[in-house]
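Inside the fold
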Amino acid sequence: AVLKITPENTKVEFVGAKVTRSHDGGFTDFGGQLALGTPVEQSKIDITIQTASLFSDDPKLTKHLKSPEFFDIEKFPTATFKSTEIKKEGEGHVISGDLTLHGVTKRISFPATVSMSDAEVKAMSEFSINRKDFGIVYPGMPDDLIRDLVVIKLSLALPRQG
């Protein structure tokens, strides 16, 4: 079964921090699919995010994050993730795949909690990526440096068609 990933059933959020404080944000426009396998480890995930849909808790920051110093949404209108492997590990799963962000593709792996019922497939994950790995190197102010690691928070609750 192929389950659609939409902003109605999924959240893609992030937390970026600098020395003095952190900011919450995310994306409101994205889409993709989970090709559900049996067992679940045979599944494949594919998601495309429209970077212009970025939001944060501060309008000035949102504008800055969309600029060439960060996401450069004019030049890189999408970010994508395509899974390459899902494996069981302990109580949870580890999802690996190719993340393309800011024109750079890198293989990443992150832990996820996956649960399935007849009605839906749920997955949750929280992990960090290093923005510098993706060429996002803006340092921030000398007295208020931006941290390299950005926390990504994903939560999916995908309905299974009857």
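We now turn to the structure provided with this report. Just so you know, these numbers come straight off a predicted model, no measurement behind them.

Enumeration over the complete set of coordinates arrives at five aromatic pairs. Plain terms: the ring middles of Phe-14 and Phe-27 are 5.9 Å apart, the flat faces sit at 55 degrees to each other, and that makes the pair tilted. Linking Phe-14 in strand β2 (residues 10–17) with Phe-27 in strand β3 (residues 22–27), this pair joins segments that are 13 residues apart in sequence. Residue class for Phe-14 comes out buried when judged on its relative accessible area of 9%. Overall, Phe-27 belongs to the buried group, its relative accessible area being 11%. Between Phe-81 and Phe-110 the ring centres are 5.6 Å apart and the planes differ by 55 degrees, which places this aromatic pair in the tilted class. Within this pair, whereas Phe-81 is found in strand β7 (residues 78–89), its partner Phe-110 is found in strand β9 (residues 104–116), the two being separated by 29 residues in sequence. An aromatic cluster of at least three residues, connected via ring pairs, comprises Phe-14, Phe-27 and Phe-71.

For the rest of this paragraph, the subject is the pairing of strand β13 (residues 149–159). Strand direction decides the pairing type here: β2 and β13, joined by six bridges, are antiparallel. Bridging across to β13, Glu-13 finds its partner in Lys-153. Summarising the sheet, strand β10 (residues 120–130) and β13 pair through eleven bridges and their orientation is antiparallel. Considered in β13, the bridge of Asn-130 is made with Leu-149.

Locating Thr-51 in the fold gives a position in the loop between β5 (44–50) and β6 (54–56). Along the chain, Thr-51 and Phe-76 lie 25 residues apart, while their C-alpha atoms are 7.4 Å from each other. Contact partners of Thr-51, with chain neighbours within four places excluded, come to Phe-27, Ile-73, Phe-76, Pro-77, Thr-78 and Ala-79.

The next subject is the pattern of salt bridges. Taken as a whole and assessed by the stated rule, the structure comprises seven salt bridges. The residue Asp-57 makes a salt bridge to Arg-21 at a minimum N-O spacing of 3.9 Å. Placement of the pair is Asp-57 in the loop between β6 and α1 (59–66) and Arg-21 in the loop between β2 and β3, with a sequence separation of 36 residues. Look at Arg-21 and you get partly exposed, because its relative accessible area is 42%. Notably, a salt bridge pairs Arg-131 with Asp-148, separated by 3.9 Å at the nearest N-O pair. Of this pair, Arg-131 sits in the loop between β10 and β11 (140–141) while Asp-148 sits in the loop between β12 (144–145) and β13, placing them 17 residues apart in sequence. The structure contains a network of salt bridges with shared partners spanning Arg-131, Lys-132 and Asp-148.

Among the ten residues that make up strand β8 (residues 92–101), eight are buried, leaving the element largely enclosed by the rest of the structure. Inspection of the sheet shows β7 paired to β8 by nine bridges, in the antiparallel sense. Following the sheet pairing, Lys-87 is matched in β8 by Val-94. Here β7 folds back onto β8 in antiparallel fashion, the turn holding two residues, of which Gly-90 has a positive phi close to 60 degrees. Here nine bridges tie β8 to β9, and the two strands are oriented antiparallel to one another. Residue pairing across strands places Asp-98 opposite Arg-107, the latter belonging to β9.

How each quantity is defined
- Residues numbered from 1 in each chain as written.
- Predicted model: local features only at pLDDT ≥ 70, side-chain atom pairs only at ≥ 80, totals over all residues.
- Heavy atoms only, no water.
- Phe/Tyr/Trp six-rings, centres within 6.5 Å; stacked < 30°, edge-to-face > 60°.
- Helix = DSSP H or I, 4+ residues; strand = E, 2+ residues; numbered from the N terminus.
- Buried < 20%, exposed > 50% of the residue type's maximum accessible area, 1.4 Å probe, protein only.
- Pairing = 2+ DSSP bridges.
- Contact = heavy atoms within 4.5 Å.
- Salt bridge = Lys/Arg side-chain N within 4 Å of Asp/Glu carboxyl O.

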